[in-house]
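# Coordinates in review
Listed below are the residues making up each chain.
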Amino acid sequence: MTRNAPDRVTVRVPAKVNVQLAVGGRRPDGFHDLANVFLAVGLHDEVTATPADALTLTCTGPDADQVPLDESNLAARAARALAARHGLDPRVHLHIAKDIPVAGGMAGGSADAAGALLACDALWGTATPQEELLSICAELGSDVPFSLVGGAALGRGRGELLEPLPVGGTFHWVFAVADGGLSTPAVYKECDRLRDASGTGATTADVPDPEPTPALLDALRTGDATALAASMSNDLQAAAVSLRPSLAAALAAGTDAGALAALVSGSGPTTAFLVADADQADRVAGALRASGTCRTARTTAGPAPGATVLPQG
């Protein structure tokens, strides 16, 4: 720990949308290989780290009461993992200011983990190399490495093996926030059940290895929203809708309001709508709020930067 370490560090970290989520068959360890095309978007949580006698957490913002403040919180686990790597006691208070939907398929918990990791690294002056931070992220969860780097990336393995992707423009989005969350393991289990029920099988012997769609990667590279809309996909969408049939009405409402494309974000239940521009985003969001199919609708754009230490005022 350096002598001149700050006494307070705040990190801003983005939400994500999966513009493609290709899910391979169930592996013997129960996980699934993925081809996961991440795009970071401009909805953010902020994680503030300050010195404390012990590791403690607080949280404010929408649905903060749904965020666990015990050892199960990914931000707490991130602080402990970094402290262990450097032989330190995790004497830190972490405050999470939530704005990313909770349990919404937008990697809010993963974002908080990446934010806590970067904030503690700065607070403790441990100057951990980026590759080592990414290794800790991968141990914490499949989406955590992308929350650290942001932008756009292809995630392989369980999603944690990242390849940065070029993006040639700004893409505008509307996110419809549903009531309650969906369990990611439950959605994967339902995906396997649906595959078995269809007769195709659900194991790695039955399902082709997942690969990104070349047209989708080209659309990102050129910044072509219409082409991106035509090539987006989510192999977990049928499972999420099966578990939460009301999502079908939200998807239809956004499409009817003029969205270029609609899909469930990750494992849901947030639904994501790609739109042509900021004006159309406002119109689609208004229609979704009026439709009664969601709790609220948020507009934003991407790509957004990854976890970023904010200047202290």
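Refer to the preceding data block for the structure.
Residues numbered from 1 in each chain as written. Predicted model: local features only at pLDDT ≥ 70, side-chain atom pairs only at ≥ 80, totals over all residues. Heavy atoms only, no water.

### Considering the overall build of the protein
Secondary structure summary: the protein contains 10 helices and 12 strands in total. Taken over the C-alpha trace, the protein has a radius of gyration of 19 Å; the compact-globule value for 313 residues is 20 Å, and the two agree within 12%. Projected onto its principal axes, the C-alpha coordinates of the protein cover approximately 55 × 45 × 35 Å. In the protein, which comprises 313 residues, the proportion classed as buried is 52%. Across the protein, every contact between residues at least 6 apart in sequence was considered, and the portion connecting residues at least 24 apart equals 76%. When the accessible surface of the protein is totalled, it reaches about 12,800 Å², and 52% of it is carbon and sulfur. On the protein, the mean spot of the 22 positive side-chain charges and the mean spot of the 34 negative ones are 3 Å from each other. (Helix = DSSP H or I, 4+ residues; strand = E, 2+ residues; numbered from the N terminus. Rg over C-alpha atoms; globule rule 2.2 N^0.38 Å. Buried < 20%, exposed > 50% of the residue type's maximum accessible area, 1.4 Å probe, protein only. Contact = heavy atoms within 4.5 Å. Areas by Shrake-Rupley, 256 points an atom, 1.4 Å probe, with all protein chains shown as cover. Lys, Arg positive; Asp, Glu negative; His and termini not counted. Charge placed at Lys NZ, Arg CZ, Asp CG, Glu CD.)

### Focus: empty space enclosed by the protein
What the rule picks out here adds up to one cavity of 30 Å³ or more. Here the largest cavity is characterised by a volume of approximately 40 Å³. Class assignment of the residues belonging to the lining of the largest cavity gives a composition of six nonpolar, three polar and two charged. (1 Å grid on protein atoms, 1.4 Å probe; cavity = no way out; pocket = protein on both sides within 12 Å on 5 of 7 lines; lining within 4 Å. Points joined across faces, edges and corners; volume = space filled by probe spheres on them. Nonpolar A, V, L, I, M, F, W, Y, C, P; charged D, E, K, R; others polar.)

### Comments concerning helix H2 (residues 108-124)
Between its first and last C-alpha, H2 extends 24 Å over 17 residues, near the 24 Å set by a 1.5 Å rise per residue. With respect to burial, H2 is a largely interior element, 15 of its 17 residues being buried. Of the residues flanking the end of H2, it is glycine 125, one or two places downstream, whose phi is positive at about 65 degrees. (Expected span 1.5 Å × (residues − 1).)

### Some points on the pairing of strand E6 (residues 161-164)
Note: strand E5 (residues 152-156) against E6, four bridges, orientation antiparallel. Residue leucine 154 lies in a different strand from E6, and its bridge partner there is glutamate 163. Between E5 and E6, which pair antiparallel one after the other, the connecting turn spans four residues, and glycine 157 there sits at a positive phi close to 65 degrees. (Pairing = 2+ DSSP bridges.)

### Concerning the layout of surface pockets
The volume enclosed by the largest pocket comes to roughly 1,100 Å³. For the largest pocket, the lining is made up of 44 residues, of which Leu74, Ser110, Asp143, Thr184 and Pro185 are closest to its centre. Secondary-structure elements contributing two or more residues to the lining of the largest pocket are strand E1 (9-26), strand E2 (32-51), helix H1 (74-86), H2, helix H3 (130-140) and helix H5 (184-198). Broken down by element, the residue count for the lining of the largest pocket peaks at four residues, all from H2.

### What about H5?
Spanning 15 residues, H5 covers 21 Å between terminal C-alpha atoms, matching the ideal 21 Å at 1.5 Å per step. Looking only at H5, the buried set comprises Val187, Tyr188, Glu190, Cys191, Asp192 and Arg195. Looking at the buried positions of H5, the neighbouring elements they touch are E1, E2 and helix H8 (237-243). Within two residues after H5, glycine 199 carries a phi angle of roughly 95 degrees, on the positive side.

### Looking at the nonpolar core
Val19, Val92, Leu94, Trp173, Leu228 and Met232 are the most contacted members of the largest nonpolar core, which has 67 residues in total. Looking at which element gives the most residues to this core, the answer is H2, with 10 residues. Leu21, Leu34, Leu247 and Leu251 belong to the second-largest nonpolar core, a separate cluster that totals 14 residues. (Core = buried A, V, L, I, M, F, W, Y, C linked by side-chain atoms within 4.5 Å.)

### With respect to the environment of arginine 156
Among the structural elements, arginine 156 can be located in strand E5. For the pair arginine 156 and arginine 91, spaced 65 residues apart in sequence, the C-alpha separation works out to 34 Å. With sequence-adjacent residues up to four places away left out, arginine 156 is seen in contact with Leu34, Leu161, Pro210, Glu211 and Pro212. Within the local environment of arginine 156, its side chain forms a polar contact with the side chain of glutamate 211, the two groups lying 2.9 Å apart. (Polar contact = N/O pair within 3.5 Å; in protein donor to acceptor, adjacent residues only side chain to side chain.)

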